[in-house]
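Survey of secondary and tertiary structure
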Amino acid sequence: MTDVAEPDPEEGGPAVEDGDGDDAYLAQVMVEIDEEVRRKRAELPARVERELDALFLEHSPMAGRGGDLGDALRLVETSAFIDPVVPVASKRPAGALIKKSLRTANLWYVGWVAHQVSQFAAAVSRSLRLVDNRLVELQRQLDAVAVPAAPVVDAGVAGAWWTEPAIDALAGSTGRVLHAACGDGWLVVALADKGVDAYGVDPRPGAVDGADLSATDLREEDPGEHLHAVASAALGGIVLSGVVDGMTAGQRQQLLERAADRLAPEGVLVVHSVSPAVWHADSAPAEVDLAPGRPVRPQAWTLLLPGWNVEVVPGPNAQDYLVVARR
Amino acid sequence: MTAVHQFVPALIPRDATGSHTLLLRQALRAAGWRSEVFAEATHDELVGESRYYEDYASVAAPGDTLLYQFSTSSAVADFLLERPEPLVLDYHNVTRPELTEAWDRGPARRSAEALRQLAALAPRAALGLADSAFNEADLRAAGCRRTAVVPVLVDLDRLTAPPDPRVVARLRGGKEEGGADWLFVGRVVPSKAQHDLVKALWAYRHLYDPSARLHLVGSTPSRRYLAALRQFAEDLGLEGAVRVAGEVSDAALAGYFAASDVYVSTSRHEGFGIPLLEAMHAGIPVVALASSAVPATVGHAGLLVDDPSPARLAAAVHRVLTDAALRARLAEAGRRKVADHGLEHSGRRAVAAIAGVAGERSDPCG
């Protein structure tokens, strides 16, 4: 049971807040602050913020930078030896002599304890080294059978038919909207023009290089890894285009679950996908042959997003379609 | 029932748990209970205010209720685990080990041990008290079956004492050269993320106010984090603009609150966040990262940002410092928050919750 202690009636309790009014007022202030951030992006691009993060990490301990097990083991091994011969230097006259006498008198005892502690630490570090070697071997075997990352195929271009319905679905978003894969940021710019605080990520090397990074927040990053780092319920909308088509069922499920968690309760998920037949055509790019998975038909999305209100907008010539999902 | 005795790992002046303990003792005694404080360690300034915790065994009496101020690992927890008296856990939160272990393994180990002790004590407690819903969730997750949220007892009057004139003069002297003064009060440790404040200050100086300064008030238990923070500030050319004041007296703290323009927090982990309340009491606007218990503590009395982006924090600070109407509205909401935490009122609520376990006193000897 939960007892929420009630205010003392003799004191009249806490003053009543104008909750709804304050909520609306502060929400509007935050919207205006977000607009100010966008206006200032030319002076302080998102790239500079990332440079600030990287600069601080240079001063962080190894573990804070996600160092690997090998680095950690080297630290353990270098600190595994306990030296019983304590320093005897002293600033005081005769201090060093006194310390040395004490050390000599106690060395038989301290040395015995230190030897056992060192033995224990060495045994632990040897065990960890064996575990590390075994993990490296397992990793090597896993790499041989690993499912490759899905390629980004047909992520869209400015003027694509689905731009307008996607923007309509996201126009009222109160939180940030993520576009993956964003390419040169064409959709991010279009969303920003409508007042949406949008940014993009794209895993393809050099995909965002052609964009004006001082004006738009675009990052060369894997969408799955990016979403992993985003807090729960932090985003107002997510657009996935060209991202899920080549994924295996497991990869797709994991990405969609992560996206659902990162969206605010009122958030909107927009997915652009091609029809499976398009990938079987001779005109399909070579990447589709190497992709671990295949696109799904529009009707599969109600099964992929159970409990969501899923709307499918078919594209011209049944070549592709847009999924707009809300909870 | 005759007495409600408190146990605390360490009784320390100007410490949130220490102050709460002494104020709660005062409230319990005012309500007619006998109440003493038993501690594992007591600061020199408070000698005479507590007894060694093991001494309780010699004065234990039938009908006693024991209340443990839980904030860190301590031998007191293991002692209480063996006691037969009804136990109330007053939980002040434990910083998660993962927030500190990369920097300082000692505190991380102590946090892990504290969480182990919490898991052992919580199912045994007749009542768990928390000063925020965030802390209450921890108690319930640890196995506390009955919980209540009651305000932390905080003596805001310590800030109405005359501020240290040297601090005020130094801050006002700095203002002659222009620039806003940012303030954050809290231990300089990784979980408080002062490095994000440094980033935000850099962005604010870059975008709006090249003379702005940041004052970090609070103890510096992590030498490693402090060194990294100083080096980072130096890398950014902020060595004169980021000032680490360390732990200060009440008068000096009052001086910082009196002469600062904005209170900014990027802390990742606050069980309640008393300095946020102190900033409201001092009437300075609050801009804070919406993490842990911070949104509940700040309510409508400050601007809450969802992520620690330097540009967003800088824009929020700029907005609050240039919008008088916003400042007035936040200040009004802050006054309401502070009124909710009036000492007498909060003390009575805490005592009422404890009385539900301790029952009616039979020996109101005061």
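On a predicted model such as this, the values are computed, not experimentally measured, just so you know.

Observations regarding the overall build of chain A
A count of helical and extended segments in chain A gives eleven helices and eight strands. Sequence separation of 24 or more characterises 64% of the internal contacts of chain A that already satisfy a separation of 6 or more.

Points about the confidence of the model for chain A
Residue and element names in this part refer to chain A. Chain-level statistics for chain A give a pLDDT mean of 84 and a share of 88% at 70 or above. Mean pLDDT values for the elements of chain A range from 44 in strand β1 (residues 2–4) up to 96 in strand β8 (residues 320–326). A low-confidence stretch, residues 1–17 stays under pLDDT 50, and its non-local contacts, those more than four residues away or across chains, total 36 contacts.

A short note on helix α8 (residues 249–262) of chain A
All names here are of chain A. Across its 14 residues, α8 extends 20 Å between first and last C-alpha, which sits within 8% of the 20 Å expected from 1.5 Å per residue. Within α8, burial applies to Arg252, Leu255, Leu256, Ala259, Ala260 and Arg262. The arc that holds every buried residue of α8, seen down its axis, measures 165°, which confines them to one face. Looking at the buried positions of α8, the neighbouring elements they touch are α7 (223–229), β5 (235–241), β6 (263–274) and α11 (301–304).

A short note on the environment of Val270 of chain A
Tracing the chain through its elements places Val270 of chain A in strand β6. Overall, Val270 of chain A belongs to the buried group, its relative accessible area being 0%.

Some details on a nonpolar patch on the surface
On the surface, a nonpolar cluster with roughly 730 Å² of combined accessible area is contributed by Ile82, Trp108, Tyr109, Val110, Trp112, Val113 and Val117 of chain A. Mapping Trp108 of chain A onto the fold places it in helix α4 (residues 95–145).

Comments concerning the sheet that holds strand β13 (residues 302–305) of chain B
Residue and element names in this part refer to chain B. A sheet is described by the order of its strands in space; here six strands give the open sequence β10-β9-β8-β11-β12-β13, paired in parallel fashion. The sheet is open, and its two edges are formed by β10 (242–246) and β13, each paired on a single side. This sheet shows a mean twist of 25° between the axes of neighbouring strands, independent of strand direction. In terms of strand pairing, strand β9 (residues 213–217) meets β10 through four bridges, oriented parallel. Looking at the pairing, Leu216 lines up with Val244 of β10. Against the sheet, helix α10 (residues 274–282) touches β8 (181–185), β11 (262–265) and β12 (286–289), its axis set at about 165° to β11. Lying over the sheet, helix α12 (residues 310–322) contacts β8, β11, β12 and β13, oriented at roughly 165° with respect to β13.

What to know about the domain arrangement of chain A
If you check the domain split of chain A, you get domain 1 (75–145) and domain 2 (163–326). Taking only C-alpha atoms, the centre of domain 1 of chain A and the centre of domain 2 of chain A are 52 Å apart.

What to know about a negative patch on the surface
Together, Glu58 of chain A together with Glu234, Asp235 and Glu239 of chain B give the surface a local cluster of negative charge. Looking at the secondary structure, you find Glu239 of chain B in the loop between α8 (223–235) and β10.

So, the packing of α12 of chain B against helix α13 (residues 324–340) of chain B
Residues and elements named next belong to chain B. Two elements in contact, α12 and α13, have axes separated by 5 Å at closest approach and are oriented at 90°. Between α12 and α13, the angle is such that the two are roughly perpendicular. Contacts between α12 and α13 pair Arg319, Val320, Leu321 and Thr322 from the former with Ala324, Leu326, Arg327 and Leu330 from the latter.

Notes on the packing of aromatic side chains
Across all of its chains, the model carries 18 aromatic pairs over all chains by this definition. One aromatic cluster in this structure is built from Phe7, Phe38, Tyr52, Tyr53, Tyr56 and Phe79 of chain B. The cationic tip of Arg329 of chain B hangs over the ring face of Tyr25 of chain A; the distance from NZ or CZ to the ring centre is 4.2 Å.

Thoughts on the environment of Trp108 of chain A
With relative accessibility at 65%, the residue Trp108 of chain A sits in the exposed group. Trp108 of chain A sits 24 residues away from Pro84 of chain A along the chain, and the two C-alpha atoms are 9.4 Å apart.

Considerations on the pairing of strand β3 (residues 198–202) of chain A
Residues and elements named next belong to chain A. Within β3, five of the five residues are buried, which leaves the element mostly enclosed by the surrounding structure. Here β3 shows two buried faces, one formed by Ala198, Gly200 and Asp202 and the other by Tyr199 and Val201. Of the pairings in the sheet, the one linking strand β2 (residues 176–180) to β3 comprises four bridges and is parallel in character. The residue of β3 that forms the bridge with Leu178 is Tyr199. Following the chain from β2 across helix α6 (residues 186–193) to the adjacent parallel β3, one finds a crossover that is right-handed. One ladder, built from three bridges, connects β3 with strand β4 (residues 218–220); its direction is parallel. When the sheet's bridge partners are listed, Val201 is paired in β4 with Arg219.

Brief notes about the domain arrangement of chain B
All names here are of chain B. Annotation of chain B at the domain level lists domain 1 (4–154 + 342–358) and domain 2 (157–340). Across the interface of domain 1 and domain 2, roughly 1,700 Å² is buried in total on both sides, 64% from carbon and sulfur atoms. Seen at the junction of domain 1 and domain 2, the total is eight residue pairs in polar contact (both at pLDDT 80 or more). Mapped by element, the contributors of at least two residues to the side of domain 1 that touches domain 2 are α5 (133–142) and α14 (343–358). Per-class residue counts for the side of domain 1 that touches domain 2 are eight nonpolar, seven polar and four charged.

Some words on the confidence of the model for chain B
All names here are of chain B. The pLDDT averaged across chain B works out to 91; a share of 98% of its residues lies at or above 70. Per-element confidence in chain B ranges from a low mean pLDDT of 86 for helix α6 (residues 165–175) to a high of 98 for β11. Under a pLDDT of 50 for its full length, residues 360–366 has, in the predicted model, 19 contacts with residues more than four places off or in other chains.

Notes on the nonpolar core
All names here are of chain B. Membership of the largest hydrophobic core comes to 82 residues, with the highest contact counts inside it found for Trp182, Val198, Leu238, Phe257, Tyr263, Val287 and Leu303. For this core, the element with the highest residue contribution is helix α7 (residues 194–207), accounting for eight residues. Looking at which domains feed residues into this core, each of domain 1 (4–154 + 342–358) and domain 2 (157–340) supplies at least three. Each residue touching Phe257, except ones within four places of it in the same chain, is listed here: Leu159, Leu183, Val185, Tyr263, Pro275, Glu278, Ala279, Ala282 and Ile284.

What to know about helix α9 (residues 250–259) of chain B
With seven of ten residues buried, α9 of chain B is to be regarded as a mostly interior element. For α9 of chain B, the secondary structure elements touched by its buried residues are α6, β8, β9, β10, β11 and α10 of chain B.

Rules used in this analysis
- Residues numbered from 1 in each chain as written.
- Chains lettered and ligands numbered in written order.
- Predicted model: local features only at pLDDT ≥ 70, side-chain atom pairs only at ≥ 80, totals over all residues.
- Heavy atoms only, no water.
- Helix = DSSP H or I, 4+ residues; strand = E, 2+ residues; numbered from the N terminus.
- Contact = heavy atoms within 4.5 Å.
- pLDDT = per-residue confidence, 0-100.
- Expected span 1.5 Å × (residues − 1).
- Buried < 20%, exposed > 50% of the residue type's maximum accessible area, 1.4 Å probe, protein only.
- Arc of directions from axis to C-beta.
- Patch = residues over 30% accessible without salt bridge, like charges linked within 9 Å, V, L, I, M, F, W, Y side chains within 5 Å.
- Areas by Shrake-Rupley, 256 points an atom, 1.4 Å probe, with all protein chains shown as cover.
- Salt bridge = Lys/Arg side-chain N within 4 Å of Asp/Glu carboxyl O.
- Pairing = 2+ DSSP bridges.
- Axes fitted to C-alpha atoms, helices over the stretch in contact; angles between N-to-C directions.
- Domains from an automatic or database assignment.
- Lys, Arg positive; Asp, Glu negative; His and termini not counted.
- Charge placed at Lys NZ, Arg CZ, Asp CG, Glu CD.
- Parallel < 35°, antiparallel > 145°, perpendicular 65-115°, else oblique.
- Phe/Tyr/Trp six-rings, centres within 6.5 Å; stacked < 30°, edge-to-face > 60°.
- Lys NZ or Arg CZ within 6 Å of the ring centre and 35° of its normal.
- Right-handed = clockwise from strand over helix to strand, strands pointing away.
- Buried area = accessible area lost by both parts, 1.4 Å probe.
- Polar contact = N/O pair within 3.5 Å; in protein donor to acceptor, adjacent residues only side chain to side chain.
- Nonpolar A, V, L, I, M, F, W, Y, C, P; charged D, E, K, R; others polar.
- Core = buried A, V, L, I, M, F, W, Y, C linked by side-chain atoms within 4.5 Å.

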